[in-house]
Amino acid sequence: KLETKPNIPASPPPALEEKAVEPSPKSESALKSFISGGVGGACCVLVGHPLDLVKVRMQTASAGAATSSNSVFGMLSNTLRKEGVRGLYRGVSAPLTAVSPMFAVSFWSYDIGQRMVKAYGQRGLTEEEKSLQSYSLSMKEMCMAGAISAIPTTGITAPTERIK
């Protein structure tokens, strides 16, 4: 004789139950900060160099010759007409060589400064407490991270500025 049981929905076997997957923490790579700073520095030079070139040419132009090429736009159009776009980037290698490492070290050292300040702010907490809390830096702590970043950045900036 077959016995029938009331219709109870079956639960999935324990092996098939879905587990909550926590997102992995975002990678905090100092190398990423260093590369970002270097690329940012290169972009800064590439955008600003044509205007710097025009400024230098205007400063070195003879003062007596008052022509339309003495204005910024006049000097830009003169350079484009005579030398083309490549003329706007004449001498760009020296600033690229100097500025890109400065920005790279600046970004890297700020990242390291933030980590140091965050570690100091979280001292006394267990690893579990640190993982449960999201820690954001206050304005004072950001300023401190910036001050820390000035130490290695100055080591690159001072000699570069001296050579200029």
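Summarised in this report is the structure supplied together with it. No experiment lies behind these values; they were computed from the predicted model shown.

## Observations regarding the overall build of the protein
Turning to step 1, where the next piece is worked out: Scanning the protein from N- to C-terminus turns up six helices and zero strands.
Turning to step 2, where the next piece is worked out: When its helices and strands are written in sequence order, the protein yields α-α-α-α-α-α.
Turning to step 3, where the next piece is worked out: Out of the 164 residues belonging to the protein, those deemed buried represent 23%.
Turning to step 4, where the next piece is worked out: In the protein, of all internal contacts separated by at least 6 residues, the share reaching a separation of at least 24 is 75%.
Turning to step 5, where the next piece is worked out: For the protein, the accessible area works out to roughly 12,600 Å², and carbon and sulfur atoms hold 63% of it.

## Considerations on helix α1 (residues 30-60)
Turning to step 1, where the next piece is worked out: Taking 1.5 Å per residue as the helical rise, α1 with its 31 residues ought to reach 45 Å, and the 42 Å between its terminal C-alpha atoms agrees with that figure.
Turning to step 2, where the next piece is worked out: Of all the bends found along α1, the most pronounced is centred on Gly48 and spans about 45°, while Pro50, a proline, follows it within four residues.
Turning to step 3, where the next piece is worked out: All buried positions along α1 are accounted for by Ala30, Ser33, Gly37, Gly38, Gly41, Val45, His49, Pro50, Leu53 and Val54.
Turning to step 4, where the next piece is worked out: Buried-residue contacts for α1 involve α2 (72-83), α3 (85-88) and α4 (93-121).
Turning to step 5, where the next piece is worked out: Two or three places before Leu31, at the opening of α1, Ser29 has a side-chain oxygen 3.1 Å from that residue's backbone nitrogen.

Thresholds applied
Residues numbered from 1 in each chain as written. Predicted model: local features only at pLDDT ≥ 70, side-chain atom pairs only at ≥ 80, totals over all residues. Heavy atoms only, no water. Helix = DSSP H or I, 4+ residues; strand = E, 2+ residues; numbered from the N terminus. Buried < 20%, exposed > 50% of the residue type's maximum accessible area, 1.4 Å probe, protein only. Contact = heavy atoms within 4.5 Å. Areas by Shrake-Rupley, 256 points an atom, 1.4 Å probe, with all protein chains shown as cover. Expected span 1.5 Å × (residues − 1). Bend = angle between axes of the 7 residues up to and from the residue. Polar contact = N/O pair within 3.5 Å; in protein donor to acceptor, adjacent residues only side chain to side chain.

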